[in-house]
Amino acid sequence: MTTALITLAMIAWTLQIGLGWLQIRRFNHAFIAMEKGAYLGVGRNNDGRFKPRVLIALSFDEDYNVIDSVLIRGLTVFSLPKKINALHGLNLADINPKIIFPNQLSCQHALTVALLTK
């Protein structure tokens, strides 16, 4: 019985590592495919260990207009990177995280951090 539990734990751990690697690989491919601008802002939330994580990357041109974005949000390794089309074309000064993500505090926080780091 103990051997079966240890084997099951090892399989689950290996599966978690493999799926985590797949998620990081998906985000890296989306990040590399981003249209490159003069400035880059990256932000993530710190809401806790068992809450969904959010990671946002923004690419700005010389005038601080958003030219591309990547958002990955979720608790599981099956989260897929997405674009934030509402931000494209907006100037840095015109972006209000509470308007872009009205009911998602973790996305608001990650976007705020991404706007501060350019």
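Residues numbered from 1 in each chain as written. Predicted model: local features only at pLDDT ≥ 70, side-chain atom pairs only at ≥ 80, totals over all residues. Heavy atoms only, no water.

## What about the overall build of the protein?
The number of helices and strands found in the protein is three helices and three strands. Counting from the amino terminus, the protein carries its helices and strands in the arrangement α-β-β-β-α-α. The C-alpha radius of gyration of the protein comes to 17 Å, more than 25% above the 13 Å expected for a compact globule of 118 residues. Taking the principal axes of the C-alpha coordinates as reference, the protein spans close to 65 × 30 × 20 Å. Taking as baseline every contact in the protein between residues at least 6 positions apart, the subset at least 24 positions apart corresponds to 46%. Distance between charge centres in the protein, computed from 12 positive and 7 negative side chains, equals 17 Å. (Helix = DSSP H or I, 4+ residues; strand = E, 2+ residues; numbered from the N terminus. Rg over C-alpha atoms; globule rule 2.2 N^0.38 Å. Contact = heavy atoms within 4.5 Å. Lys, Arg positive; Asp, Glu negative; His and termini not counted. Charge placed at Lys NZ, Arg CZ, Asp CG, Glu CD.)

## Some thoughts on the sheet that holds strand 3 (residues 66-74)
Spatial strand order, 1-2-3: three strands in an open sheet with antiparallel pairing. In this open sheet, the two strands that pair with only one neighbour each are strand 1 (39-44) and strand 3. Averaged over all adjacent pairs, the angle separating strand axes in this sheet is 10°, with direction ignored. Examined bridge by bridge, strand 2 (residues 53-60) and strand 3 share eight bridges and lie antiparallel to one another. Across the sheet, V54 pairs through a bridge with R73, a residue of strand 3. Helix-sheet contacts for helix 1 (residues 2-33) involve strand 1, strand 2 and strand 3, and the interaxial angle to strand 3 is about 170°. Packed on one face of the sheet, helix 3 (residues 105-116) meets strand 1, strand 2 and strand 3 and runs near 35° to strand 2. (Pairing = 2+ DSSP bridges. Axes fitted to C-alpha atoms, helices over the stretch in contact; angles between N-to-C directions.)

## Overview of helix 1
Over its 32 residues, helix 1 extends 47 Å from the first C-alpha to the last, a length consistent with the 46 Å expected when each residue adds 1.5 Å. If you check which residues of helix 1 are buried, you get G20, Q23, F27 and A30. Turning to helix 1, the residues buried within the fold contact strand 2 and strand 3. (Expected span 1.5 Å × (residues − 1). Buried < 20%, exposed > 50% of the residue type's maximum accessible area, 1.4 Å probe, protein only.)

## Some points on the packing of aromatic side chains
Think of a pair of aromatic rings as described by two things: how far the centres are apart, and how the planes are tilted against each other in angle. Going through the model one piece at a time under the given rule, you end up with three aromatic pairs. With a centroid separation of 6.0 Å and an interplanar angle of 25°, the aromatic rings of F27 and F31 are classed as stacked. With a gap of four residues between them, F27 and F31 both fall in helix 1, about one helical turn apart. Using a relative accessible area of 12% as the deciding quantity, one classes F27 as buried. For F31, a relative accessible area of 27% translates into the label partly exposed. Arranged with centres 4.5 Å apart and planes meeting at 10°, the rings of Y39 and Y64 form a pair that is stacked. Taken together, the residues span a long stretch of sequence, with Y39 in strand 1 and Y64 in the loop between strand 2 and strand 3 at a distance of 25 residues. On the basis of relative accessibility, which here comes to 26%, the residue Y64 falls in the partly exposed class. An aromatic cluster of three or more residues is present, and its members are Y39, F60 and Y64. (Phe/Tyr/Trp six-rings, centres within 6.5 Å; stacked < 30°, edge-to-face > 60°.)

## Digging into the pattern of salt bridges
Enumeration according to the criterion identifies one salt bridge in this entry. In this structure, K83 engages D68 in a salt bridge whose closest nitrogen and oxygen atoms are separated by 2.8 Å. Of this pair, K83 sits in the loop between strand 3 and helix 2 (97-100) while D68 sits in strand 3, placing them 15 residues apart in sequence. (Salt bridge = Lys/Arg side-chain N within 4 Å of Asp/Glu carboxyl O.)

Don't take any of this as a statement about function, it's just geometry.
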